[in-house]
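Understanding the architecture of this molecule
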Amino acid sequence: MPEIVELNVGGVHYTTTLNTLLQDKTTLLHELFAGPEGRDTLAKDSKGRYFLDRDGVLFRYILDYLRDKALQLPEGFRERQRLQREAEHFKLTAMLDCIKGDRDARPPGCITIGYRGSFQFGKDGLADVKFRKLSRILVCGRVAQCREVFGDTLNESRDPDHGGPDRYTSRFFLKHCFIEQAFDNLHDHGYRMAGSCGSGTAGSAAEPKPGVDTEENRWNHYNEFVFIRD
Amino acid sequence: MPEIVELNVGGVHYTTTLNTLLQDKTTLLHELFAGPEGRDTLAKDSKGRYFLDRDGVLFRYILDYLRDKALQLPEGFRERQRLQREAEHFKLTAMLDCIKGDRDARPPGCITIGYRGSFQFGKDGLADVKFRKLSRILVCGRVAQCREVFGDTLNESRDPDHGGPDRYTSRFFLKHCFIEQAFDNLHDHGYRMAGSCGSGTAGSAAEPKPGVDTEENRWNHYNEFVFIRD
Amino acid sequence: MPEIVELNVGGVHYTTTLNTLLQDKTTLLHELFAGPEGRDTLAKDSKGRYFLDRDGVLFRYILDYLRDKALQLPEGFRERQRLQREAEHFKLTAMLDCIKGDRDARPPGCITIGYRGSFQFGKDGLADVKFRKLSRILVCGRVAQCREVFGDTLNESRDPDHGGPDRYTSRFFLKHCFIEQAFDNLHDHGYRMAGSCGSGTAGSAAEPKPGVDTEENRWNHYNEFVFIRD
Amino acid sequence: MPEIVELNVGGVHYTTTLNTLLQDKTTLLHELFAGPEGRDTLAKDSKGRYFLDRDGVLFRYILDYLRDKALQLPEGFRERQRLQREAEHFKLTAMLDCIKGDRDARPPGCITIGYRGSFQFGKDGLADVKFRKLSRILVCGRVAQCREVFGDTLNESRDPDHGGPDRYTSRFFLKHCFIEQAFDNLHDHGYRMAGSCGSGTAGSAAEPKPGVDTEENRWNHYNEFVFIRD
Amino acid sequence: MPEIVELNVGGVHYTTTLNTLLQDKTTLLHELFAGPEGRDTLAKDSKGRYFLDRDGVLFRYILDYLRDKALQLPEGFRERQRLQREAEHFKLTAMLDCIKGDRDARPPGCITIGYRGSFQFGKDGLADVKFRKLSRILVCGRVAQCREVFGDTLNESRDPDHGGPDRYTSRFFLKHCFIEQAFDNLHDHGYRMAGSCGSGTAGSAAEPKPGVDTEENRWNHYNEFVFIRD
């Protein structure tokens, strides 16, 4: 049967067990709550709750971390830096590593996806069958992040400098031609589309070269999509 | 008359009935609260409330599920993974299935809608009547998701490989020509527009072929809309 | 002097009057609280508050509705379906009608606004005065929603099938030429811009027809704006 | 030393002073709390707090207004209409004027900014110096709102009808050529960019007129930015 | 051992230490709480908590500031102006400086990034290797903000007026050609992409000049990205 501890953290009340508070021996909480004599020197509020002079709202996540030994913040959590400050205060090194590791593993940044496309025109009775045709999906951004997102589907052959993951490239492309698959990959890795641009090509005074489909040639366009991860 | 139970879940207080807590025999809550002797071994806080050492805020949805036997989360709910962790802790298998099933039934992903359009020009006194004219609405994305969204209005005849719902296609199109209906379908299925691109066509040194309306030809454009479901 | 009632709704405490709770005779609350003998059979929590085994947070809006007999939810309220479930539980038919009526009166959907425009070029010393010139604002979407938004400013003469408000049209246009007024109308009706596309026209091997301003002709473009109401 | 008043507003507890509650003689709060005999007839909850049967959450702003005699709502506040209802209930005319005045002073609406631009090409050894060149920034929207945003930098000379601030215009332009300054002005006045469109020009069968820079001519484009204030 | 102080701030309860409240000698809190005789004249609520007639919610940040002597607000915090009002009330000059300094150091505003690009076409067997090629990244906006974001990578040589950081320029460009690096710089400084425009070039009746790659020439386009910092 657990020993129940009532806490007053800056005015917000939490209830937990001694066991949870003593999870990690290196923390300030362990320092404060290990041994009855330690606890006796702790300040208490007027209702007898142990008192901690810190932000009451963020302590929710401190406690969650101690219970589950894993960091699971709400999506779109907006107090990450504030939480880091609390974890520092409580010397919760393991939690701090999680907060920072999370950011290191998914650094913010931008990747641009572009494609030069046109339409495939039928030559016969199927003349109305005109699908999007794209020759290659270009990938631009920081090398390490492009690799993280696209893995094996990334073709680096045109920019084979295997060092410098921090450099930027605009010479990577994908091994497949499904732009939606590229979008899904980006989305799965936490990138969100921030902008998109389309542009057509200019006509020319010259007749198109032999073998070039005039109609396909006219519909040439370049679409570019910018993705950003916060 | 229900037996009222007061709970202290990590410091947040809930009131419910024993009946609600015992809804589902396979859960940890049933284990803990079934039989007075079980309850007697439970920890209580200083006010006599039964104590659970878990996140207090998320327990709201655990309780809602037990009351209604149905999962109804707020729109844009941002603690799904955290809630899953709680449901796992309480061995709420049925609720867990709902959380996961919800995601399986509506997997995140991207669908692109494109159309090649121009304008319809009047031939006579109605020369100013120029409406958007589009020949075909193209649908690109993962096969299973395109089918989920567009159902019977999807024409798969140009990419009839009936297996592999996980493959990507860019050869589906719609049986109708109302782009707004396609947008509504996507919106109804939880997709949100993430970007849009427009591009015109290039002129040509050659005279247009006979039978082609020169003006309509000049206004040819390709508009592409990217939809993403989180 | 009102009779004050203290409630414990799933752990959240509310205070209100008996009068407010008995507003509507058809509700479960009336059933529960009408007559002292009814109230006597109600469960109470340890502080003597009447206990209701429902979600505590959403009860705020139930109470608001009973006080004012009108539904006024926060903008961007994300628990509409959850609230509906509560209203159903409490048999608050009038409130349920409001929630549903609200949705019926403003169904979600998409409207596209497009215009073919160019610039007006001065002929003389005012040659630098070049304003946006647009001949017609096109409106595409579901007929009923187009009518709701644009009312008397909508010209339906080119698609005069007066039945079928559920059908889609791309042949409506506006009686005026102020695109910003159209945007304002859409915004006033809860539509938000989701995307926008621009495209220019192609040049032609042929000389422009007599009477056509060459420069104006070159600047022809089509801009399309997609609006969505959630 | 202030006289402290404890309130129970629909279940939410507030503490304030009698002085704060009596700030404004025309309000319902003054009516209720002026004079000990008035207060004696007020309902109290079981803890002796004065009871008001209204929404507890929104009362925070009522109290803030009484303390500071100024309205300062959170950015993106989503319960404005609900708050208005509360202010009406409490006959807080001055606060009501603030809520409404705020809206009147910053009416929602749309302004479009467009520019016809190209690039400035160097004539000599500096041939690579090619900056964005734009001749004029066009402003379209409702006259009063354009004036509010752009003030002295607005040139109305081409649409000099000095009446009718409610009419729409597409013939205003700016006295300067810095599009970013226009964006900053709009942003400062609460407008947010909702969409943007770009389009190029068409080539022509004719040779460009003498004195026209061919390259600059080719890069002509029109970019249009739509701003909306909620 | 700290002296614990229980506060009732407008109805919200906080617990802190006397030490925290007396951090800063110039504040109203120091004035109120320094010396037992001062505290004795303070109003107390019915539970003996010291009473402050101010907004209870925002006091969380006042207390955080006193504890850590540093301002760390949640991302996307929407009550900055309201908090400023509270800091003014409590004469927390140092905190006020932080709130204002924060805004001065990162003033809101707009920066536009544009590039004229095309594609690099292979001349031989590598004919399908066509990457995005851009000659120069243009930077437009207020001089001081451009400098803050791009630092050493900014080339100001074409607009070398070294005074007037408040003036706007459209003649800055970057020393490198990686548009994604520019996006990352902007993102790191709190700018978010608000819109994007693409446009192609017009064809010409004239044959391209010798030495110009016809195909590359046809694909010329201008993409423009608008970033805004709130």
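Now for a look at the structure at hand. All values derive from a computational prediction rather than experimental measurement.

**Observations regarding the packing of helix H5 (residues 80-89) of chain E against helix H6 (residues 93-105) of chain E**
Residues and elements named next belong to chain E. At a closest axis distance of 9 Å, the pairing of H5 and H6 adopts a crossing angle of 155°. In terms of orientation, H5 lies roughly antiparallel with respect to H6. Pair H5 / H6 crosses with left-handed handedness. Counting all contacts with H5, which are made through Arg80, Leu83, Gln84, Ala87 and Glu88, the residues of H6 involved are Met95, Leu96, Ile99, Lys100 and Asp102. Looking at the contact of H5 with H6 residue by residue, the classes come out as five nonpolar, one polar and four charged.

**Some details on the interface of chain A and chain B**
Counting residues at the interface gives 58 residues for chain A, matched by 62 residues for chain B. Three residues, Phe131, Arg218 and Trp219 of chain A, lead the burial of chain A against chain B; their summed loss comes to 15% of the area buried on that side. Scanning the region where chain A abuts chain B turns up nine salt bridges. Where arginine 132 of chain A meets glutamate 224 of chain B, a salt bridge forms, and the shortest distance between an N and an O atom there is 3.5 Å. Applying the counting criterion to the chain A and chain B interface returns 23 residue pairs in polar contact (both at pLDDT 80 or more). Looking at the side of chain A that touches chain B, its residues break down into 23 nonpolar, 21 polar and 14 charged.

**Structural notes on the interface of chain A and chain E**
The partner chain E presents 58 residues to the 61 residues of chain A that form the contact. Summed over both sides, the interface of chain A with chain E buries roughly 5,000 Å², with 51% coming from carbon and sulfur. The largest contributions to the chain A side of the interface with chain E come from Arg85, Arg116 and Tyr168 of chain A, which together make up 14% of the buried area. Applying the counting criterion to the chain A and chain E interface returns nine salt bridges. A salt bridge links aspartate 68 of chain E to arginine 54 of chain A; its shortest N-O distance comes to 3.0 Å. Viewed at the interface, chain E and chain A are joined by 22 residue pairs in polar contact (both at pLDDT 80 or more). Among the elements that line the side of chain A that touches chain E, the one with the most residues is strand E8 (residues 192-200) of chain A, at seven residues. By residue class, the composition of the side of chain A that touches chain E is 20 nonpolar, 22 polar and 19 charged.

**Regarding the sheet that holds strand E7 (residues 168-174) of chain C**
The strand order across the open sheet formed by six strands is E6-E7-E5-E4-E9-E8 (chain C), and the pairing between neighbours is antiparallel. Looking along the sheet, the strands with just one partner apiece sit at the ends: strand E6 (154-155) and strand E8 (192-200) of chain C. Bridging between strand E5 (residues 131-142) of chain C and E7 of chain C involves four bridges; their strand directions are antiparallel. Across the sheet, residue valine 139 of chain C finds its bridge partner in E7 of chain C, namely phenylalanine 172 of chain C. On top of the sheet, helix H8 (residues 179-188) of chain B reaches strand E4 (109-120), E5, E7 and strand E9 (221-229) of chain C; it is set at about 135° to E4 of chain C, its chief contact.

**Looking at the pattern of salt bridges**
Tallied over the entire structure, the rule returns 98 salt bridges over all chains. Arginine 85 of chain A is paired through a salt bridge with aspartate 68 of chain E; the nearest N and O atoms lie 2.9 Å apart. Pair noted here: arginine 85 of chain A is in helix H5 (residues 80-89) and aspartate 68 of chain E is in helix H4 (residues 59-68), and the two residues belong to different chains. We note a salt bridge from arginine 82 of chain E to aspartate 55 of chain E, for which the minimum N-O separation is 3.5 Å. Of this pair, arginine 82 of chain E sits in helix H5 while aspartate 55 of chain E sits in the loop between strand E3 (50-52) and H4; the two residues are 27 residues apart in sequence, bridging distant segments of the chain.

Calculation notes
Residues numbered from 1 in each chain as written. Chains lettered and ligands numbered in written order. Predicted model: local features only at pLDDT ≥ 70, side-chain atom pairs only at ≥ 80, totals over all residues. Heavy atoms only, no water. Axes fitted to C-alpha atoms, helices over the stretch in contact; angles between N-to-C directions. Helix = DSSP H or I, 4+ residues; strand = E, 2+ residues; numbered from the N terminus. Parallel < 35°, antiparallel > 145°, perpendicular 65-115°, else oblique. Left-handed = near helix turned anticlockwise from the far one by under 90°. Contact = heavy atoms within 4.5 Å. Nonpolar A, V, L, I, M, F, W, Y, C, P; charged D, E, K, R; others polar. Buried area = accessible area lost by both parts, 1.4 Å probe. Salt bridge = Lys/Arg side-chain N within 4 Å of Asp/Glu carboxyl O. Polar contact = N/O pair within 3.5 Å; in protein donor to acceptor, adjacent residues only side chain to side chain. Pairing = 2+ DSSP bridges.

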